Amino acid sequence: MDTFDPSELWSLCLQEAEKNLERTEFESWLRNSSYEDINGTRMVIRFRNSFVAGHVKSRFGTMLEEIICELSGRNDLALQFVGDPAKPGPSTSEPAAPSTGNSSSPDSMYLRSNYTFDHFVVGPNNQLAHAGALAVSSDAGTTTYNPLFIYGGVGLGKTHLIQAIAHKLRSEGDGSSFRYLSTEYVVGTFIKCVLQKDYSKFRKLFQGIDYLLMDDIQFLEGKVETQEAFFHRFNELHQQGKQIVLTSDRPPHELKDLPERLISRFQWGLVADIKPPEYETRLAILMLLVRDEELDVSQEVLDFIASSIRKNVRQLSGVIHRLAAISRLTGCSIDMNMAQKEIKSTLGTISRRLTPGSITSAVAEVFEISPAQLKGKQRKRSILVPRQVAISLIRELTSMSLKDIGSFFSGRDHSTVLNSIERIQELRETDPELDRRIEEIKRKLVSI
Ligand code: ADP
Ligand code: MG
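Report follows, based on the coordinates.

Scoring rules and cut-offs
Residues numbered from 1 in each chain as written. Chains lettered and ligands numbered in written order. Predicted model: local features only at pLDDT ≥ 70, side-chain atom pairs only at ≥ 80, totals over all residues. Heavy atoms only, no water. Disulfide = S-S within 2.5 Å. Near = heavy atom within 4 Å. Polar contact = N/O pair within 3.5 Å; in protein donor to acceptor, adjacent residues only side chain to side chain. Areas by Shrake-Rupley, 256 points an atom, 1.4 Å probe, with all protein chains shown as cover. Core = buried A, V, L, I, M, F, W, Y, C linked by side-chain atoms within 4.5 Å. Buried < 20%, exposed > 50% of the residue type's maximum accessible area, 1.4 Å probe, protein only. Helix = DSSP H or I, 4+ residues; strand = E, 2+ residues; numbered from the N terminus. Contact = heavy atoms within 4.5 Å. Phe/Tyr/Trp six-rings, centres within 6.5 Å; stacked < 30°, edge-to-face > 60°. Pairing = 2+ DSSP bridges. Axes fitted to C-alpha atoms, helices over the stretch in contact; angles between N-to-C directions.

1. Some remarks on the state of the cysteines
Link 1 in the chain: One pass over the structure, following the stated rule, counts zero disulfides.
Link 2 in the chain: A disulfide-free cysteine, C13 has its sulfur positioned 9.6 Å from the sulfur of C69, the nearest such atom.

2. Focus on the site of ligand 1
Link 1 in the chain: In the vicinity of ligand 1, 18 residues are found, and the nearest of them are V121, G155, K158, T159 and H160.
Link 2 in the chain: The backbone of G155 places a nitrogen or oxygen atom 2.7 Å from an oxygen atom of ligand 1.
Link 3 in the chain: Within the contact set of ligand 1, an oxygen atom lies 2.7 Å away from a side-chain nitrogen or oxygen of H160.
Link 4 in the chain: For ligand 1, whose accessible area on its own is 550 Å², the fraction buried by protein is 94%.

3. Here we look at the nonpolar core
Across soluble globular proteins, you tend to see nonpolar side chains buried next to one another.
Link 1 in the chain: Ranked by size, the top nonpolar core spans 104 residues in total, and within it W10, L30, L64, F230 and F266 carry the most contacts.
Link 2 in the chain: Looking at this core, the element that brings in the most residues is helix α3 (residues 50–72), giving nine residues.
Link 3 in the chain: The contact partners of F266, leaving out residues within four places of it in the chain, are P147, F149, I217, F230, F234, L246, P252, L255, L258 and V271.
Link 4 in the chain: Counting 29 residues, the second-largest nonpolar core is a separate cluster that includes A362, V389, M400 and L434.

4. Quick look at the packing of aromatic side chains
Link 1 in the chain: In this structure the tally under the stated criterion is twelve aromatic pairs.
Link 2 in the chain: Centroid distance F190 to F202: 5.1 Å. Interplanar angle 75°. Geometry classified as edge-to-face. One end of the pair, F190, is in helix α6 (residues 183–196); the other, F202, is in helix α7 (residues 200–205), with twelve residues separating them in the sequence. Of the two residues, F190 and F202, neither departs from the other in class, the shared state being buried.
Link 3 in the chain: For the ring pair F408 and F409, a centre distance of 5.3 Å and an interplane angle of 80° mean the geometry is edge-to-face.

5. With respect to the sheet that holds strand β4 (residues 148–152)
Link 1 in the chain: Here five strands make up an open sheet; going across it, the order is β5-β6-β7-β4-β8 and the pairing parallel. Since the sheet does not close on itself, it has two edges, and those belong to β5 (178–182) and β8 (270–274), each with one partner. Geometrically, the sheet is characterised by an average inter-axis angle of 15° between neighbouring strands, direction not taken into account.
Link 2 in the chain: Strands in contact with helix α8 (residues 224–239) are β6 (211–215) and β7 (243–248); relative to β7, the strand with the most contacts, it is inclined by about 140°.

What follows is the structure, given as structure tokens:
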């Protein structure tokens, strides 16, 4: 958002979406939208009427939010689609919802056109997940890895890979049908069915397909009834030998509030992780992006970007897309100066979120105590250990001095801070549960 104002951001988002959609789709649903307002992190977009707004939300909402986050370099932006109620009567002629078009089955969500295997750079960080994805989309019907469960942090290519399977099935498959769904959409559909007391729409999502591709399964957490309903659909498909592919931001056993039987089913097939890419893979991804955008960027600048952004591929592509947009808007070519400014603002967005306060709140939340208790004087183990965790995370993730960290925690001295850091280092080696929780907090804080 630092680079563009919100209405500029929305028009860039539309340009990007246009590349991903068929022309008529874009014209019918998105062309006449406009940026209206921003409420904190929620951007309000207006459509011709509420019918169009609702349709856009359910079919393109996830894709548009991903594009917005990529272009703005932030991961906390959400979109709200609004429109006045549609007028009844013959005068409203809405475009009919596409029945085929982009995918082989009616309820599939939209696929981004460049999320193909051709556009996916394989490196040591994602080799297994890539091989698994390729295998399931090649040997249709054999279902050696069923389900294929791909997990990894934000922006590391899970959606890209699962959509690549869909693209491959569509372009060179043997006619197998698939459905690509975001878990949010599945949960939303389930809730609608509950309200209408009619579950046929939910069941239909899983019928008549050879492949179920379901993205971001972690959204099932806490949705007990949807889990139950999904469990039955999962079993049915599995028994019929249909291929299931799931993605998640965590491995199955780290998903919270999911019944054990569902978690164990997720582990039946192949569980493959995606890690952040190493330097060489990051550079290769950048080169691919630059080639796609037909940009002229020097090796030195690419090297600088690849060395600066390490954790998240979406940030890499975000930087390239923003540089491309700036270069088009200003007519200037992309040079080191421009790249440095962009990287600074991208990394600035992360470091602004990493304050002692935000870290303390995240720790307090995971350990289910209050931030005030964390900062206070009590020495009960149930509070002391989380406090030491907060101290060592602040040391690791910010540039605060030992002395400043000490004073943040009710005026403790710097040796207490040092002791805490050492204590946590030791504990992490002997206490896997604590280690897992610390990783969870870090993931929450650092992923953007
Ligand atoms: P996730 O679903 O894991 O959050 P995405 O699949 O949306 O992440 O990927 C984020 C961005 O990074 C996308 O633009 C995607 O094309 C790109 N990307 C991720 N991994 C790769 C890769 N190995 N090669 C090329 N592009 C990648
Ligand atoms: Mg994704």
